[in-house]
Amino acid sequence: MGLPPDRLDRFARHIVLPEIGGAGQAVLARSKVALIGLGGIGSPALQYLAGAGVGTLVLVDDDAVDMSNLQRQTIYRHGESGHSKAELAEVWVREFDPELEVKRIGRRVTRDNAAGVLAGTDLVLDGCDNFATRLAVSDACVAARIPLLSAAVGRFQGQVGAFAGHLADQPCYRCFVGDAFDADDCDTCAEDGILGAMAGWTGTFAALQAIRVLLAGTGGLGDPQWGKLHLLDGLAPGMRTLGIAKDPGCRGCGRG
Ligand SMILES: [Zn+2]
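Residues numbered from 1 in each chain as written. Predicted model: local features only at pLDDT ≥ 70, side-chain atom pairs only at ≥ 80, totals over all residues. Heavy atoms only, no water.

Draft legend 1. Structural detail: the coordination of the zinc ion. Every protein donor of the zinc ion is listed here as Cys-172 (SG), Cys-175 (SG), Cys-250 (SG) and Cys-253 (SG), and their distances to the metal cover 2.3 Å. Seen from the zinc ion, its 4 donor atoms lie at angles of 94 to 125 degrees, and the figure they make is tetrahedral. As a motif over one chain, the donors of the zinc ion read C-x2-C-x74-C-x2-C. You'll find Cys-172 and Cys-175 in the same group, each marked buried. (Donors = N, O, S within 2.8 Å, 3.2 Å for Na, K, Ca; no water. Tetrahedral: all angles 85-135°; square planar, octahedral: opposite > 155°, others 65-115°. Buried < 20%, exposed > 50% of the residue type's maximum accessible area, 1.4 Å probe, protein only.)

Draft legend 2. Just the pairing of strand β5 (residues 148–154), in detail. Alignment of strand β4 (residues 123–126) against β5, held across 3 bridges, turns out to be parallel. Across the sheet, the residue bridging to Asp-126 is Ser-150, located in β5. Read as a crossover between parallel neighbours, the route from β4 over helix α7 (residues 131–144) to β5 is right-handed. Summarising the sheet, β5 and strand β6 (residues 157–163) pair through 7 bridges and their orientation is antiparallel. Within the sheet, the bridge partner assigned to Val-153 lies in β6 and is Gly-158. (Pairing = 2+ DSSP bridges. Helix = DSSP H or I, 4+ residues; strand = E, 2+ residues; numbered from the N terminus. Right-handed = clockwise from strand over helix to strand, strands pointing away.)

Draft legend 3. Expanded view of the pattern of salt bridges. All chains considered together, the criterion is met by 12 salt bridges. The partner of Asp-139 in a salt bridge is Arg-174, with the nearest N and O atoms 2.7 Å apart. Taken together, the residues Asp-139 in helix α7 and Arg-174 in helix α8 (residues 173–177) connect sequence positions 35 residues apart. You'll find Asp-139 and Arg-174 in the same group, each marked buried. A salt bridge links Asp-179 to Arg-174; the shortest N-O distance between them is 2.8 Å. Because the salt bridges share partners, they merge into one network encompassing Arg-111, Asp-139, Arg-174, Asp-179 and Arg-251. (Salt bridge = Lys/Arg side-chain N within 4 Å of Asp/Glu carboxyl O.)

Draft legend 4. The arrangement of empty space enclosed by the protein in detail. In the structure shown here, the tally under the stated rule is 1 cavity of 30 Å³ or more. Each pocket or cavity is described by its volume, and for the largest cavity that value is around 40 Å³. Considering the residues around the largest cavity, the lining is formed by Ser-138, Cys-141, Val-142, Ile-146, Leu-148, Phe-163, Ala-164, Gly-165, His-166 and Cys-172. Among the elements that line the lining of the largest cavity, the one with the most residues is α7, at 3 residues. (1 Å grid on protein atoms, 1.4 Å probe; cavity = no way out; pocket = protein on both sides within 12 Å on 5 of 7 lines; lining within 4 Å. Points joined across faces, edges and corners; volume = space filled by probe spheres on them.)

Draft legend 5. Quick peek at the sheet that holds strand β1 (residues 32–36). Strand order across the open sheet formed by 8 strands is β3-β2-β1-β4-β5-β6-β7-β8, with mixed pairing between neighbours. The sheet terminates laterally at β3 (101–105) and β8 (238–243), the two strands that pair on one side only. Going across the sheet, the axis of each strand differs from the next one's by a mean of 15 degrees, ignoring polarity. As paired strands, strand β7 (residues 228–233) and β8 are joined by 6 bridges and run antiparallel to one another. Bridge pairing in β8 places Leu-229 opposite Leu-242. On top of the sheet, α7 reaches β1, β4 and β5; it is set at about 165 degrees to β5, its chief contact. (Axes fitted to C-alpha atoms, helices over the stretch in contact; angles between N-to-C directions. Contact = heavy atoms within 4.5 Å.)

Draft legend 6. Summary view of the nonpolar core. Ranked by internal contacts, the top residues of the largest apolar core, which has 43 residues, are Leu-35, Leu-46, Leu-49, Leu-57, Leu-59, Val-93 and Leu-125. Counting residues per element, this core draws most heavily on helix α10 (residues 196–214), at 8 residues. Filtering out sequence-adjacent residues up to four positions away, Leu-125 remains in contact with Ala-34, Leu-35, Ile-36, Ile-41, Ala-45, Leu-49, Leu-149, Ala-206, Ala-207 and Ala-210. Counting residues in each nonpolar core, the second largest holds 24 residues, with Ala-34, Phe-163, Val-177 and Leu-229 among its members. (Core = buried A, V, L, I, M, F, W, Y, C linked by side-chain atoms within 4.5 Å.)

Draft legend 7. Structural context of the layout of surface pockets. In this structure, the second largest pocket occupies an estimated 190 Å³ of space. The wall of the second largest pocket is formed by 11 residues, among which Leu-3, Arg-7, Ala-26, Ala-29 and Arg-30 lie closest to the centre. No other element matches the 3 residues that helix α3 (residues 21–30) contributes to the lining of the second largest pocket. When grouped by side-chain class, the residues that make up the lining of the second largest pocket number 5 nonpolar, 3 polar and 3 charged. (Nonpolar A, V, L, I, M, F, W, Y, C, P; charged D, E, K, R; others polar.)

Draft legend 8. View of unusual backbone geometry. Cis geometry is found at the peptide bond from Ala-236 to Pro-237, where omega equals -20 degrees. As for its position among the elements, Pro-237 is in the loop between β7 and β8. Of note, the phi angle at Arg-145 is positive, near 60 degrees, even though the residue is not glycine. Even without being a glycine, Arg-155 presents a positive backbone phi close to 50 degrees.

What follows is the structure in structure tokens.
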């Protein structure tokens with residue numbers, strides 16, 4: 001299925017890349033990605049996924065904009081304090097590219113609603129601010145066989161990992177962090193501080209990895225990098241990569 005002429009123009013710099021091409025761009029246009037959290041990671045990730053022409057975006061956040069968010073949450077503006085992030089993000093996408101489909105969910109993802117929120121998506125990008133949500137999202141992804149990119153950032157450190165725990169030999173996010181955080185609401189951003197550009201680096205790197213996963217079927221950007229955790233250090237600066245092993249006893253993806 002080819003893209004119409006105006007879309008070919010819009011994505012010309014993608015299409016000229018042999019790693020993407022017309023076929024890869026058509027895959028992106030057919031893809032559905034859920035963004036969990038529309039904050040410091042979700043904002044720049046959304047901008048680059050929308051820019052890349054990812055056809056359907058599920059925007060999930062139950063929070064409202066606070067003045068202190070504007071230092072890093074790039075889609076929000078002065079005067080929007082108190083407004084719903086999910087609603088503002090939907091407006092942002094519609095103004096940026098009216099061809100994209102948006103589904104807005106202004107609720108927090110929980111163990112009870114996660115399956116419904118994520119149903120039908122090709123990939124979930126989780127940049128939320130608490131472990132309870134992250135683990136609920138991870139378990140729901142494993143159950144529905146949806147790949148998960150998990151991204152987090154604080155101070156000058158970021159991390160982005162790709163998980164496919166539904167595959168027999170691949171870890172899930174729970175294999176990585178364990179069970180200790182299920183009940184914890186662990187938003188350390190307010191206490192620890194964060195360099196705004198560090199959230200930008202982490203969010204845009206997560207968007208790059210998302211595109212890698214979406215195009216894995218075409219072979220375009222190579223291996224989807226399941227079980228690889230990339231650690232971004234803004235002070236050095238530099239990047240390290242760790243491999244995460246599948247935990248056979250994992251409550252999320254193991255055989256029990
Ligand atoms: Zn697991």
